[in-house]
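# A structural walkthrough
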Amino acid sequence: MILAAAALCVMSCTKEKPSIQFVKTQAVLLADSPLTVQMSVSKPVEASLTVPVQVSGTAEAGKEYSLSSQSFVFAAGESSAFIEVTPLENITEGKNISLTFAVPDGYQAGTALSMVIAVEAKEKIAYSFASTSADLLNRCTLTLELQGMNSGKNFTATSDMEIPFTFDAKSTAVLGEDFTVEGGVQVFKVAAGTNKGTATLVATDKEVELGSEKPVVVKVDESKLSARFYAGNNVSETVTVKGVLRFSQLAGTWEFVEVPGLEEWEYFAMEMEDDPDLMPTHNEGYQITFSVEDGVLKLVPGEMKGDLGNYLRECELSYCAPINMAAYSEKIGDYCTYELYMWTMEGIYLTYFELSKCNRAFSADSETIGKGAVAMRFDEDGNLWLITKDYDQPPFLENWWDGFEPDMFGFCYVMKRVK
């Protein structure tokens, strides 16, 4: 009888011990999202309880994942405790994490004393610059595109990313002297839900002489990049620091050479039954002269007649905000753009100028004096491109006119320096 009573007492005491266990025996650590692991007791603890966890498995702690703590800590009055597992450079398939614990005194084992976490591998990502070259006038925004090894162009970042970049030794433009990085941080910022990152270079006020432009070669800083990333097609972008077109660069006399893509332009005119011969493209021998006096840029048309002379008048020029930009264009500064010149399908960088005086009628027979606007650039041969950007309804392309359509009415005149 005494032995039986003792046995019953032992059994009763054992049953009274609360049980402790993992809530799950298996889980998955997603590629880019943390996982919360829960341990529970069958009744709230009376005092704070710390349960160390033993970690093993094929995944490497501190490299492929991290734990918020090596112990589950139950606060007094609580029946659950948590630790968080965060994915790091988990780029290898088939890895796992194994968690176990020793049952603390005063508790009995529940049904789950161990837990295995499968580690989902991050998709490898290829990076590639959207363009291999660009000009820096006022500002230049570079774009880095990301593609998944499996998802391709459908890849999207699950969280914000920052991809560091640096400047190749081939660069001759100097950071801080010739250009700066907007925000001061050399990273491409990729927002969650997108697959592109941008960074912006800004030209300093340093004047760049024509023909002495300096390049800066931008590339991803692989020394600071995780193993998840690898190079795609365009591993760098060469940005030529030209700076805003300066008054001093324009100073001199320029003579008309050609209107680029004129044949195609005339074809469009005839399609609408307009007379292409009325277009303001007859400028053989026509010249203009720029001068700088007391910091003011002045333009004086030459004595030789030309259709461009129907628009230009002696005037002063000043920088202005872009107006009547081409159909495919991007504003890249307070008065600079990158535009597609429709008639040669050439991407060009332009600086905009306001004319203090012009003939807004653009006519040899009538005159309406007012302000106007032109955009200018230098091409690879050092020739000046001057594009008309603002005037009223002219006596040409009448069937095309429905307001100032930039591609049809932004006449481009290539001019060579003669003095």
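Read on for a plain summary of the structure. Remember, it's a predicted structure, so these values are computed and weren't measured experimentally.

### Here's the deal with the overall build of the protein
Within the protein one finds four helices and 31 strands. Relative to its length of 419 residues, the protein is extended, with a C-alpha radius of gyration of 35 Å against a globular reference of 22 Å. Seen through its C-alpha atoms, the protein measures out along the principal axes to roughly 130 × 45 × 35 Å. Partitioning the contacts of the protein with sequence separation of at least 6, the portion at a separation of at least 24 is 66%. Total accessible area on the protein is roughly 21100 Å²; 49% of this is exposed by carbon and sulfur atoms. Across the protein, the 32 positively charged side chains and the 60 negatively charged ones have centroids separated by 9 Å.

### Points about the sheet that holds strand β6 (residues 65–67)
Pairing is mixed across the open sheet formed by five strands, whose spatial order is β6-β8-β3-β1-β10. Every interior strand has two partners, whereas the edge strands, β6 and β10 (108–109), have only one. Strand direction decides the pairing type here: strand β1 (residues 19–22) and strand β3 (residues 35–41), joined by three bridges, are antiparallel. Across the sheet, glutamine 21 pairs through a bridge with serine 40, a residue of β3.

### Examining the packing of aromatic side chains
Each aromatic ring pair is specified by the distance between its two centres and by the angle formed by the two planes. Per the stated rule, a full pass over the model turns up 30 aromatic pairs. Ring geometry for tyrosine 338 and tyrosine 349: centres 4.6 Å apart, planes at 50°, overall tilted. Pair noted here: tyrosine 338 is in strand β27 (residues 336–341) and tyrosine 349 is in strand β28 (residues 346–359), with a separation of 11 residues, a long-range link. Taking relative accessible area as the criterion, tyrosine 338 reaches 32% and is therefore assigned partly exposed. Taking the relative accessible area as the measure of exposure, tyrosine 349 reaches 15% and is therefore buried. Above the face of the tryptophan 385 ring, arginine 377 is positioned so that its terminal group lies 4.6 Å from the ring centre.

### Focus on the nonpolar core
Ranked by internal contacts, the top residues of the largest apolar core, which has 49 residues, are Phe290 and Met376. Considering every element that reaches this core, the biggest residue donor is β28, with six residues. Beyond its immediate stretch of four places on either side in the chain, phenylalanine 290 contacts Leu250, Ala251, Gly252, Trp254, Leu297, Lys298, Leu299, Leu317, Met376 and Leu384. Leu137, Leu146, Val220 and Val241 belong to the second largest nonpolar core, which has 35 residues in total.

### Considering the sheet that holds strand β11 (residues 114–119)
Pairing within the open sheet is mixed, and its four strands lie in the order β2-β11-β9-β5. Since the sheet does not close on itself, it has two edges, and those belong to β2 (26–29) and β5 (54–56), each with one partner. Averaged over all neighbouring strand pairs, the angle between strand axes comes to 25°, with direction disregarded. Sheet topology places β2 next to β11; four bridges connect them, and they run parallel. Considered in β11, the bridge of leucine 29 is made with valine 119.

### Things to note about unusual backbone geometry
In the Ramachandran plot, methionine 345 falls in the positive-phi region, its phi being about 55° despite a non-glycine side chain. Inspection of the secondary structure puts methionine 345 in the loop between β27 and β28. What makes methionine 345 exposed here is its relative accessible area of 57%. Its identity is not glycine, yet leucine 397 carries a phi of approximately 50°, on the positive side. Inspection of the secondary structure puts leucine 397 in the loop between β30 (384–390) and α4 (406–409).

### What to know about the state of the cysteines
If you walk through the whole model with that rule in mind, you get zero disulfides. Free cysteine: cysteine 336, not disulfide-bonded; nearest cysteine sulfur from cysteine 320 at 10 Å. Cysteine cysteine 358 shares no disulfide, and the gap to the nearest cysteine sulfur, in cysteine 315, comes to 7.8 Å. Accessibility expressed as a relative area gives 0% for cysteine 358, which makes it buried.

### Considerations on the pairing of strand β14 (residues 139–148)
Residues Cys140, Leu142, Leu144, Leu146 and Gly148 point to one face of β14 and are all buried, whereas Arg139, Thr141, Thr143, Glu145 and Gln147, pointing to the other face, are not buried. Pairing between strand β12 (residues 125–129) and β14: five bridges, direction antiparallel. Following the sheet pairing, tyrosine 127 is matched in β14 by leucine 146. Of the strand pairs in this sheet, β14 and strand β18 (residues 196–203) are connected by seven bridges, and their pairing is antiparallel. Looking across to β18, one finds that leucine 144 is bridged to glycine 197.

### A few points about the side chain of glutamine 249
Positionally, glutamine 249 belongs in helix α2 (residues 247–250). The buried category is assigned to glutamine 249, whose relative accessible area is 9%. Of note is the side chain of glutamine 249, whose polar atom sits 2.5 Å from the backbone oxygen of valine 208. If near-sequence neighbours (up to four positions away) are discounted, glutamine 249 is found in contact with Val208, Glu209, Leu210, Val244, Trp254, Phe378 and Arg417.

The rules behind the values
Residues numbered from 1 in each chain as written. Predicted model: local features only at pLDDT ≥ 70, side-chain atom pairs only at ≥ 80, totals over all residues. Heavy atoms only, no water. Helix = DSSP H or I, 4+ residues; strand = E, 2+ residues; numbered from the N terminus. Rg over C-alpha atoms; globule rule 2.2 N^0.38 Å. Contact = heavy atoms within 4.5 Å. Areas by Shrake-Rupley, 256 points an atom, 1.4 Å probe, with all protein chains shown as cover. Lys, Arg positive; Asp, Glu negative; His and termini not counted. Charge placed at Lys NZ, Arg CZ, Asp CG, Glu CD. Pairing = 2+ DSSP bridges. Phe/Tyr/Trp six-rings, centres within 6.5 Å; stacked < 30°, edge-to-face > 60°. Buried < 20%, exposed > 50% of the residue type's maximum accessible area, 1.4 Å probe, protein only. Lys NZ or Arg CZ within 6 Å of the ring centre and 35° of its normal. Core = buried A, V, L, I, M, F, W, Y, C linked by side-chain atoms within 4.5 Å. Axes fitted to C-alpha atoms, helices over the stretch in contact; angles between N-to-C directions. Disulfide = S-S within 2.5 Å. Polar contact = N/O pair within 3.5 Å; in protein donor to acceptor, adjacent residues only side chain to side chain.

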